[in-house]
Amino acid sequence: MDCLAQGQPPVDVRWQKNGAKLLESDRVRVLPNGSLSLSFVRRGGEQSDEGSYQCLAHNKYGAILSQRARLTISSISSFVTQPSPVVVTEGSVARFACSVTANPPAIITWEFNQRALPLETERITVLPNGVLQIHEVKPEDAGVYCCIATNIASRLRSREATLTVNPASGAKPLMKPQIIAGPQNISTSLHQTVVLECVAEGNPRPLVSWSRADSKPIDVFGARVLGSGNLVISSVKAQHSGIYLCRATTPRTRNYTVAAANLTVLVPPSLVEKPESQTRPRAGTARFSCQAEGMPSPRISWLKNGVAIHSNGRIKMYNSKLVITQIIPEDDAIYQCQAENSQGSVLSMARLIVVMSEDRPSAPRNVHAETISSSAILLAWERPQYNAEKVIAYSVHYMKAEGLNNEEYQAVIGNDTTSHIVDDLEPACNYTFYIVAYMPMGASRMSEQVTQHTLEDVPLRTPELSLTSRSPTDILVSWQPLPAKLSRGRVSAYRLSYRTAADEQVSSVELPGEGENSTQHLLQGLQPDTIYLLRIAVSTRIGWSQPSAWSSHRTPKTSSSTVPPAPNLELEPLNCTSITVRWHPAPSDAIIQGYKLLCYPDGQTEGSTIQFHPQDYQYTIAGLDPRRKYHVKLLAFSSHGDGYQAHQIVSTPGCPSAPNRRLATLPAPDHVHGQTNSSSVVMLSWGRPAFSSGKPVSYSIRYGPVAPYNASAVRYLQTTEQTVMVQGLRSNTRYEFVVRLHMDQMSSPWSSPIYQRTLLEAPSSPPLAVRVTLIEDDTALVSWRQPEQTNLVVTHYTILYASQRAWLAGEWQVLQREGSNTMALLEKLESGNVYMVKISASNQAGDGPFSNMVELPILRGKIQQGKNPRHTYSQTETTVFTDGLPFDEKSMTGIIIGVCIALACIIICIFILITKSKTRRKSSSSKMIGRINGEVMHNGVPPANQQQAENAEVLVPIMGNHFIDAKGGTPLMINRSGPIISSSQNKARKWNIFSSAEKRIPKKNQAVERGCFYEAGKTVLQYEEEQAVASLQPSSLQNFYRPLGESESSQTSEGSRDTGDSGNFSHDEAETSSPNICQQPFVCEDKRGPSENVATVNHGGISKREDTSSCVLNVCAHASV
């Protein structure tokens, strides 16, 4: 072991073992360079070399001691825990434990049936602490298991344990989650690996999750989950300390159970304030200050030239300070502050130089003190007898007279006064005072000491109450005595007041301030299951304090079953952020199965419960706020339920300040800026504080909604950048953001909060439960529910409705309603139509999607008697809409078949038309109607076979409101001579076509239609037809046309489609013509032969024979306009 010391030579090095001088021998030698050499190290016995070593180096100025170094010899002891036989049911969890004490730590492996255990990561898990877990146990897992511990010193084999697997009997019943192996409280050193085990059972299999009780994020870089829920933290650091919660939750339910464990990371001491070298005159006062931190809290001791200092009249040690008064030349030395805990030690040195001066003033004279109040004393004195004119200042020193190692306080005043009021003293205490005069060359001796007593006062505060019920009709009220600083005198009495929460009448009990039961009282004869309010006041001889705030407690319900009584609870603040909770069970016949602990700040609601095993009797609550009041509740539970509750209130103290800390606190990030990007994203940026350290830094971001405050909604982010995008926020919500800086296990305070509100989000889903109810013949009521969307604000709803015909044409009627309305009336609906209705929600951010369309049929005529007219149509009754068209899902197959048949028919018709077209071209010269040359025809028409086919022109008749033929088709007209075809060379010609505007003669189920052909200078043809009136579909027109004078009838081609026009047409450039150009109508004769005048009409694929009649055409002349 090396020891290197620097200083003015000669420097002598000596060694100590366990605080005593180390003697040299053949095996133990100090080398010339100061190092210590040990040969053939030994372990165990009186000559064991194990222990702590320190080197002491000294020269003419003094001596210093090094920090401790511990020598440990590798070893492995017998097993602390060995595997035990286990019997489980198939499909459950089997667990074996194995642990051993070894240095260095041993590696645990497992054997199954004397062979290395095959590790299946899905079912079999071996934790670093030696625990073996087998999930979903199978019959082949049954056998013999044993563990083997190995390190560099040795190898040990445990005893064998048998795993028995029983077959499962039938279906596994539903079972709430149960933690069969929860995490245990662990204390570990820095950089070790920690395993927090959590094995849960249930049906269905529960999900295991981890969190911290202080809501801080778990370090995702150093932590991982091993197996089905075990938390493993590698290379633990100080910030990993805290309470970890294992939560087993049944999937898709709120059934869960929680187990907690406290992880304490032991940290070697480090100095945050080091002593500084000083130069003081003889008879002066020197003060050295030293503060350290670590876990557990380091113990501070002082050394003078490597030797421990003990308090005496002049030298005192208190609160990590060393005070030397009335300095003498022998005090000139090297002083060391040593901080030690179980993890190591650290030292820091400072030198005191004593200046000798003979020209000093004498001590101040005739010092006397006078009490002014409970916290102030007046001091007065006379100037020194010698060299009083050289005095430049006075120093007043005072401390409590009772006790040892009390802290000494000092106040420096000018030389222009010989009195001083010392205030901020504790009431009812004795204080000792003395005064020192100072001049440029040094200080005088201390004056004589005087003691004075401060007056009493009313108590500053009241004690915290502990409330416990031992039966449904009583409350045990207890409290701790007030410290002298708060009582400000001797407590003479307590006044306990109580009342029910529903009653204003207050009852009071006065109790003596001293005695055996002066800090508790049992209230009896109370009402069960009732909330009581209690408070206390304290009195001294001077008077009563202000009463405390009301504390509430509910008495238990009356029950026939025996539940555990309230445990005896003790609370002790460990430091400014931690509370130690201790308890022991009260005598009872109830079998305790565990404890439940609850801690929450005053003024807030109760938080989560921490559950403990029945053998646990102590717990440390960490991560609390300094100078804050907390409620702590504890109860025991058994198979009969929760027992009576113990309730205490405790306040955390303030954290000690270190104004001269060399390691300053990190500054918080500045210039924090936020920008809202969308309804769920906020971009944060900040500036790095101005300090010169080049070490890597990281940042924590804490954010949560401002109101209502919910601790479970607070989230944390970690980043190494100076910008972060916070995602997953709720829309239209105000959030608070703060940022913290981290560097080298240090954290800055949180920055000043900034507030950002996320943008309003447009509705992402349509309104729900759209229903349309027909309430009258022409009025319907539409109702709906607001879309399911968090924080959604709807300013208005848009209702679109239209009949099927209007819907196909894209013509919607629009209604809008305010966002607070979820109903609307549709009025003036037409009977015989089917209406389509859909709704969307909108706000300032945009419009949401429309709901599925709802069909509302409006029946023609009155609603049949006996039927409910208020029939409701909802989204469940709608037809499926694809690409804007309605289709019945059940008839999709029929539609596809129908489309295929229609396509086949079209192809056949095209083929027939092409065939007929070829036939017509061959006989066109003999079958066409004669050519019309522009002259007026008087008494006859030339035969059609005398005209040239290519010059034939035909006027197409104007059709009425019905189809000529049920089949529809081309506008061809056929007579005996053949088809009448327009010339393709004259398609650009314009025609004037008029229809005779004669009055229709009404007949029963008959309709008369007329039409004529007309063009200037050409023949005008007029015809008249009769046909039956169909209700919905037009019938085939049974009129066939032939040239005037021909007696033989001709068959018509497929008739023209209904155009929906009136029948009155005119040429673009012609004036209006007379409707009575043709005075004589067609004369239709019934002239049928055995085979002619019969047409075959095909309706929907079914052939039908229909009779036809020949029509006589009257041809009249008409002059050109």
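Reading the values: the criteria
- Residues numbered from 1 in each chain as written.
- Predicted model: local features only at pLDDT ≥ 70, side-chain atom pairs only at ≥ 80, totals over all residues.
- Heavy atoms only, no water.
- Helix = DSSP H or I, 4+ residues; strand = E, 2+ residues; numbered from the N terminus.
- Buried < 20%, exposed > 50% of the residue type's maximum accessible area, 1.4 Å probe, protein only.
- Contact = heavy atoms within 4.5 Å.
- Areas by Shrake-Rupley, 256 points an atom, 1.4 Å probe, with all protein chains shown as cover.
- Phe/Tyr/Trp six-rings, centres within 6.5 Å; stacked < 30°, edge-to-face > 60°.
- Lys NZ or Arg CZ within 6 Å of the ring centre and 35° of its normal.
- Salt bridge = Lys/Arg side-chain N within 4 Å of Asp/Glu carboxyl O.
- Core = buried A, V, L, I, M, F, W, Y, C linked by side-chain atoms within 4.5 Å.
- Disulfide = S-S within 2.5 Å.
- Pairing = 2+ DSSP bridges.
- Axes fitted to C-alpha atoms, helices over the stretch in contact; angles between N-to-C directions.

**A word on the overall build of the chain**
Across its full length, the chain carries three helices and 87 strands. Residues counted as buried form 43% of the 1121 residues belonging to the chain. Contacts spanning at least 24 positions in sequence make up 63% of the contacts within the chain whose residues lie at least 6 apart. Accessible area of the chain: about 61,300 Å², with a carbon and sulfur share of 50%.

**Points about the packing of aromatic side chains**
For the coordinates displayed, the defined rule picks out 18 aromatic pairs. For the ring pair F96 and W110, a centre distance of 6.1 Å and an interplane angle of 45° mean the geometry is tilted. Of this pair, F96 sits in strand β10 (residues 94-96) while W110 sits in strand β12 (residues 107-112), and the two are 14 residues apart along the sequence. Accessibility classification places F96 together with W110 in one group, the buried group. Measuring from ring centre to ring centre gives 6.4 Å for F288 and W302, while their planes differ by 45°; the resulting arrangement is tilted. Residue F288 is found in strand β29 (residues 286-289), and its partner W302 is found in strand β31 (residues 299-304); the two are separated by 14 residues along the sequence. The class of F288 is buried, set by a relative accessible area of 2%. Using a relative accessible area of 2% as the deciding quantity, one classes W302 as buried. Above the plane of the ring of W550 lies R499, whose end atom (NZ or CZ) is 5.1 Å from the centre. Between the NZ or CZ atom of K596 and the centre of the ring of F637, over which it lies, the distance is 5.3 Å.

**Brief notes about the pattern of salt bridges**
Close approach of charged atoms lets side chains of opposite charge pair. Evaluated as defined, the whole model comprises 21 salt bridges. Linking R14 and D12 is a salt bridge whose minimum nitrogen-to-oxygen distance equals 3.2 Å. The residue K629 makes a salt bridge to E464 at a minimum N-O spacing of 3.9 Å. Of this pair, K629 sits in strand β57 (residues 629-638) while E464 is found in the loop between β44 (450-453) and β45 (465-468), placing the two residues 165 residues apart along the sequence. Several salt bridges share partner residues, and in doing so they unite R68, R299 and E340 into one network.

**Section: the nonpolar core**
L569, V581, W583, L597 and Y619 are the most contacted members of the largest nonpolar core, which totals 25 residues. Considering every element that reaches this core, the biggest residue donor is β57, with four residues. Within the second largest apolar cluster, 24 residues are counted, among which are F79, I108, V137 and L163.

**Some details on the state of the cysteines**
Taken as a whole, this structure holds four disulfides when the rule is applied. Here C98 is linked by a disulfide to C147, with a sulfur-sulfur distance of 1.9 Å. Across the S-S bond of C98 and C147 the torsion is about 60°, and the bridge reads as right-handed. In this pair, C98 sits in the loop between β10 and β11 (99-103) while C147 sits in strand β16 (residues 143-150), placing the two residues 49 residues apart along the sequence. As far as burial versus exposure is concerned, C98 and C147 are alike and both buried. The disulfide bridge from C290 ends at C337, spanning 1.9 Å between sulfur atoms.

**Points about the sheet that holds strand β46 (residues 475-479)**
The strand order across the open sheet built from seven strands is β49-β46-β45-β58-β57-β54-β55, with neighbouring strands paired in antiparallel fashion. Each edge of the open sheet carries a strand with a single partner, namely β49 (520-523) and β55 (610-612). For this sheet, the mean angle separating the axes of adjacent strands, direction not counted, is 15°. As defined by bridge partners, β46 adjoins β49 across four bridges and the pair is classed as antiparallel. Following the sheet pairing, L476 is matched in β49 by L522.

**A short note on the pairing of strand β60 (residues 682-687)**
Where strand β59 (residues 670-676) lies against β60, five bridges are found, and the strand directions are antiparallel. Paired with H673 across the bridge in β60 is S685. Hairpin connection, β59 to β60: the antiparallel pair is bridged by five residues.

**Digging into the environment of N18**
By the secondary structure assignment, N18 is in the loop between β1 (12-17) and β2 (20-21). The residues touching N18, leaving out its near neighbours within four places in the chain, are G51 and S52.

**Some remarks on the pairing of β31**
Across six bridges, the pairing between β31 and strand β35 (residues 333-341) is antiparallel. Bridge assignment links I300 to a residue of β35, and that residue is A339. By the bridge criterion, two bridges tie β31 to strand β32 (residues 307-308) in an arrangement that is antiparallel. Residue pairing across strands places K304 opposite V307, the latter belonging to β32. Hairpin geometry of β31 and β32 is characterised by an intervening segment of two residues between the two adjacent antiparallel strands and by a positive phi of about 55° at N305.

**Regarding the environment of S552**
Summarising the element assignment, S552 is placed in strand β51 (residues 551-554). For S552, a relative accessible area of 43% gives the class partly exposed. Placed 53 residues apart in sequence, S552 and R499 show a C-alpha to C-alpha distance of 9.8 Å. Sequence-distant contacts of S552, defined by excluding residues within four places in its chain, comprise L467, I531, Y532, L533 and H647.

**Notes on the sheet that holds β10**
Within the open sheet, the three strands sit side by side as β10-β15-β14. Their pairing is antiparallel. Of all the strands in the sheet, just β10 and β14 (124-126) have a single pairing partner and so form its edges. For this sheet, the mean angle separating the axes of adjacent strands, direction not counted, is 10°.

**Notes on the side chain of Q338**
Along the chain, Q338 turns up in strand β35. With residues near it in sequence (within four places) discarded, Q338 still touches Q54, L65, R68, R299, I300, S301, L303, V346 and L347.

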